[in-house]
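What follows is the residue order along each chain.
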Amino acid sequence: MMQEAALFEYILRLSDDSLILGQRLGEWCGHGPILEEDIAITNIALDLIGQAISLYDFAATLEGQGRNHDQLAYLRYENEYKNALLVEQPNGDFAMTIVRQFFFDAFRLPLWEALMQSPIEQIAAIAAKSVKETRYHLKHSSEWVVRLGDGTEESHQRAQDAIDHLWRYTNELFYENAHDHSLHAAGLVPKLEIIQAKWNQTVKDILAEATLSVPAHNWKFEGGREGRHSEHMGYILSDLQYMQRAYPNMEW
Amino acid sequence: MSTSQWPLWEVFIRSKQGLNHKHVGSLRAPDATLALENARDVYTRRSEGISIWVVESAHIHATDIDEAASFFEPSDTKIYRHPTFYEVPDGVKHM
Amino acid sequence: MTQAEQERHFNDKIAREIKIEPNDWMPDEYRQTLVRQISQHAHSEIVGMLPEGNWITRAPNLRRKAVLLAKVQDEAGHGLYLYSAVETLGTDREQTIDDLHSGKAKYSSIFNYPALTWADIGAIGWLVDGAAIMNQVALCRTSYGPYARAMVKICKEESFHQRQGYESLIKLCNGTPQQKAMAQDAMNRFWWPALMMFGPSDADSTHSDQSIKWKIKRFTNDELRQSFVDATVPQAEILGLTIPDPNLKWNEERGHYDFSEINWDEFWQVVKGNGPCNKERLEARIKAKEDGLWVREAANAFAKKRALKKTA
Ligand SMILES: [Fe+2]
Ligand SMILES: [Fe+2]
Ligand SMILES: [Fe+2]
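Computed from a prediction, not measured in an experiment: that's the story for all the values here.

## Notes on the sheet that holds strand 2 (residues 21-28) of chain B
All names here are of chain B.
- Strand order in the open sheet formed by three strands is 2-1-3, with antiparallel pairing between adjacent strands. Looking along the sheet, the strands with just one partner apiece sit at the ends: strand 2 and strand 3 (51-56). Averaged over neighbouring strand pairs, the angle between their axes works out to 25° when direction is ignored.
- As paired strands, strand 1 (residues 8-14) and strand 3 are joined by six bridges and run antiparallel to one another. Across the sheet, residue Ile13 finds its bridge partner in strand 3, namely Ile52.
- On top of the sheet, helix 1 (residues 32-43) reaches strand 1, strand 2 and strand 3; it is set at about 105° to strand 2, its chief contact.

Here it is, written out as structure tokens:
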């Protein structure tokens, strides 16, 4: 029972990360810096929404209370969302969006790779599908980090500003609590310190190639994983939940 | 070309194993890497391909339309290159 | 070949249904007409992303959110295919887009109407994409090769757009009274603008005749509009929605539905830029281009640096 609750929370983090980042990327649709990139960002958003659906479906079966993926995605209170603060940060300029994506992808790829080995069949299956998507996302976001970093003076500055700003939200990606420890003990999910080492390496390599620097400051924020979000979250939810709240119990 | 416009690329897609890459359209991209990625997102959203070629449009050389007659018409009269030119008695099989 | 011979050769190809290709000789006016029509079409796809795009973050469930994202993304692709077709005529994309932003080029006036409720997303898919498809299917046989090929690709992709809109409205029409009312309200606001999408009536259409002779267009505006009405009325009946036209009625003799005269004042007002959202739509497109400038420059600068490194 304890373990099911822990697993439920774990899956919610994965699905909420995907949903909220997908929601953010959806805001770009129609406003991208060039048509080709508009289409590329939407593709990433679609992958993330697809992941969220599979993950919420699984979370719902774990919970066993008869909720479906939409009820989990749309009808929780803000403090019940377990996404990292990073993914709810505003799109900002294209550099902010790309750096946010890159930090996230660099975390998600090794995580999916590890989760493919999970003895829990459903998780391994979702990971096997998502790993391909995420590998592509990381390729795309890294390539853009390099282009912005090593592009013009302006793009370099914007990319560096985005890195400096978002850095404070990266540590939380590796948040763990007592629930995680019980999952580790059972060998169900990987320890995040392994993922963090890989993340550090990817970030170091790509920023070096991009002629960008890793911030010196160690100013870190946490809270999302425990349901304490930034001020942005309420606005995200008021859009996301608008229809479900304004027209309760209807089918669309 | 203004400083911000990306070069034009032509996109060729192999839709499945055993078929040639076929021209499907064009797009704009700053370099070959992004041209391939853009081609993936623009031209294979519905599993239309398993392999993509891109080539910068400026690098394509084409026959001159004014020379089309001298380029292509001389072969029209070489009908002996086609199997139907030859008569084979009825009853000959596998030919 | 002399000019007269070229022209005869061109007309002969048109008569024999042989496609005109980019490097073929073509009358200047044929080229200009194509550039105008295809770019207007491209702009419509792109501006058309905005009213629907507004609802991506508010889509009522995850399935609808994914469908809407995929649909609006397709429209970006359609714009891109069409800009590419314009490029084959010697006008590059940036120039074409600048003409939109300066107000010189037009786009379909339907996208100057606001998408106010979720039902509007259904109505846009059903009626607006439906009207567009009516037009586009006819254009698959247009005489200019790259335009025809773009249209074939677009029509294949469009087929889900109308269906997803209709399916979404079915849900509303079989739902609660609020949902049904929302659907009817969307119908009331989108019916007439959808009919206006086919352009001015044949009597007032400046470019129609020549376009038909050149087989750029295969049917006149009024012919297409009539086909659309005939196809759509039974679909509305299945939904149980009322078409906001008291004069709409089947004409046995003509074998078509009769309908009221379009409010042409409103049509021309919107075309001239005085629709409810003209200003916002253009501003959004201009902003996207301007905000993206440094991004595009950065990628070019990077490509140049890497090319230098390679040769060094
Ligand atoms: Fe369209
Ligand atoms: Fe379209
Ligand atoms: Fe469409």
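## A look at the interface of chain C and chain A
- Between chain C and chain A, the contact holds 46 residues from the first and 48 residues from the second.
- Of the roughly 4100 Å² buried between chain C and chain A, counting both surfaces, carbon and sulfur atoms make up 68%.
- A salt bridge links Glu209(A) to Arg306(C), with the shortest nitrogen-to-oxygen separation between them at 3.8 Å.
- Across the chain C-chain A interface, the total number found is 19 residue pairs in polar contact (both at pLDDT 80 or more).
- Looking at the side of chain C that touches chain A, the elements that each hand over two or more residues are helix 3 (49-53), helix 4 (62-87), helix 7 (145-173), helix 8 (177-196) and helix 12 (278-311) of chain C.
- Here the side of chain C that touches chain A is built from residues that sort into 26 nonpolar, nine polar and eleven charged.

## What to know about helix 11 (residues 264-274) of chain C
All names here are of chain C.
- Along helix 11, the residues that are buried comprise Trp264, Phe267 and Val270. For helix 11, the angular spread of the buried residues around the axis is 125°, confining them to a single face. Every exposed residue of helix 11 that faces more than 90 degrees away from the buried side is listed here: Asp265, Lys272 and Asn274.
- Those residues of helix 11 hidden inside the fold are in contact with helix 8, helix 10 (221-239) and helix 12.

Rules used throughout
Throughout, residues of each chain are indexed from 1 in the direction in which the sequence is written. Chains carry letters and ligands carry numbers; both start at the beginning, A for chains and 1 for ligands, and go up in the order they are written. Residues qualify for local features only when their pLDDT is at least 70, as the model is predicted, and side-chain atom pairs are given and counted only at 80 or more; totals for whole chains, interfaces and linings, by contrast, use all residues. To get the side-chain values, take all heavy atoms of the structure and skip hydrogens and water. At least two DSSP bridges between two strands are required for those strands to pair. Note on conventions: DSSP H or I runs of at least 4 residues are helices, E runs of at least 2 residues are strands, and numbering of each starts at the N terminus. Note on geometry: axes are C-alpha line fits, over the in-contact stretch for helices, and angles between N-to-C directions span 0 to 180 degrees. In this description, contact between two residues means that some pair of their heavy atoms is separated by no more than 4.5 Å. Accessible area, probed at 1.4 Å, shrinks when two parts are joined; the buried area is that loss added up over both. In what follows, salt bridge is the name for a side-chain nitrogen of Lys or Arg lying within 4 Å of a carboxyl oxygen of Asp or Glu. Pairs of N or O atoms are called polar contacts if they sit within 3.5 Å, as long as, within protein, a hydrogen donor faces a hydrogen acceptor (for residues adjacent in sequence, only side-chain-to-side-chain pairs). Gly is placed with the polar residues, together with every amino acid not listed as nonpolar (Ala, Val, Leu, Ile, Met, Phe, Trp, Tyr, Cys and Pro) or charged (Asp, Glu, Lys and Arg). Burial classes follow relative accessibility: with a 1.4 Å probe on protein chains only, a residue under 20% of its type's maximum area counts as buried, one over 50% as exposed, and anything between as partly exposed. Each direction from the helix axis to a C-beta atom contributes to the arc, which is the arc of those directions.

All we've got here are geometric facts, nothing functional implied.
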